[in-house]
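Structural features, examined
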Amino acid sequence: MPYITSVERIARQEGRQEGWQEGRQEGWQEGRQGGRQEGRQEGEAAVLLRLITLKFSPPSKPVLQRVQEADAGIFASASQAEPLCGPLLTTEGNDRR
């Protein structure tokens with residue numbers, strides 16, 4: 001085993017500490033972003049299920065499962081679906097748009 005000076009040993013320890021701190025910070029940020037994305041998708045799923053229930057009836061188990069497993073792209077396209085959402089925004093004699 002090669003000889004390591006005190007300066008080299010201290011430099012290695014500092015490098016490990018910096019690497020650990022950077023890794024921890026990156027992990028925390030990625031976890032936070034992932035949690036936010038997951039929360040948004042759950043909220044969008046809840047809104048879509050509410051729209052389906054108002055327009056048709058409570059969704060069947062297969063529909064409920066598909067909505068809960070859907071990705072963000074599905075929610076974006078569903079939120080722009082005029083045939084589904086349009087009639088919900090208008091009531092007799094009272095246009096809420």
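Just above, that's the structure.
First, a word on scope: everything that follows refers to the structure included in this document. These numbers were taken from a predicted model, which means no experiment stands behind them.

Things to note about the overall build of the protein chain
- What the protein chain contains, in helices and strands, is 4 helices and 2 strands.
- Looking at the protein chain as a whole, 13% of its 97 residues qualify as buried.
- Taking the contacts inside the protein chain whose residues are at least 6 apart along the sequence as the reference set, 49% of them involve residues at least 24 apart.
- Summed over its atoms, the accessible surface of the protein chain is roughly 8,200 Å², and 53% of this surface lies on carbon and sulfur atoms.

Re the layout of surface pockets
- Its volume calculated, the largest pocket comes out at about 190 Å³.
- Forming the boundary of the largest pocket are 10 residues, of which Leu48, Ile52, Arg66, Val67 and Ile74 lie nearest the centre.
- Sorting the residues of the lining of the largest pocket by element identifies helix 1 (6-55), helix 2 (61-69) and helix 3 (72-79) as the ones contributing at least two each.
- Here the residues of the lining of the largest pocket are counted per class, giving 8 nonpolar, 1 polar and 1 charged.

Here is what the cut-offs are and how they apply
Residues numbered from 1 in each chain as written. Predicted model: local features only at pLDDT ≥ 70, side-chain atom pairs only at ≥ 80, totals over all residues. Heavy atoms only, no water. Helix = DSSP H or I, 4+ residues; strand = E, 2+ residues; numbered from the N terminus. Buried < 20%, exposed > 50% of the residue type's maximum accessible area, 1.4 Å probe, protein only. Contact = heavy atoms within 4.5 Å. Areas by Shrake-Rupley, 256 points an atom, 1.4 Å probe, with all protein chains shown as cover. 1 Å grid on protein atoms, 1.4 Å probe; cavity = no way out; pocket = protein on both sides within 12 Å on 5 of 7 lines; lining within 4 Å. Points joined across faces, edges and corners; volume = space filled by probe spheres on them. Nonpolar A, V, L, I, M, F, W, Y, C, P; charged D, E, K, R; others polar.

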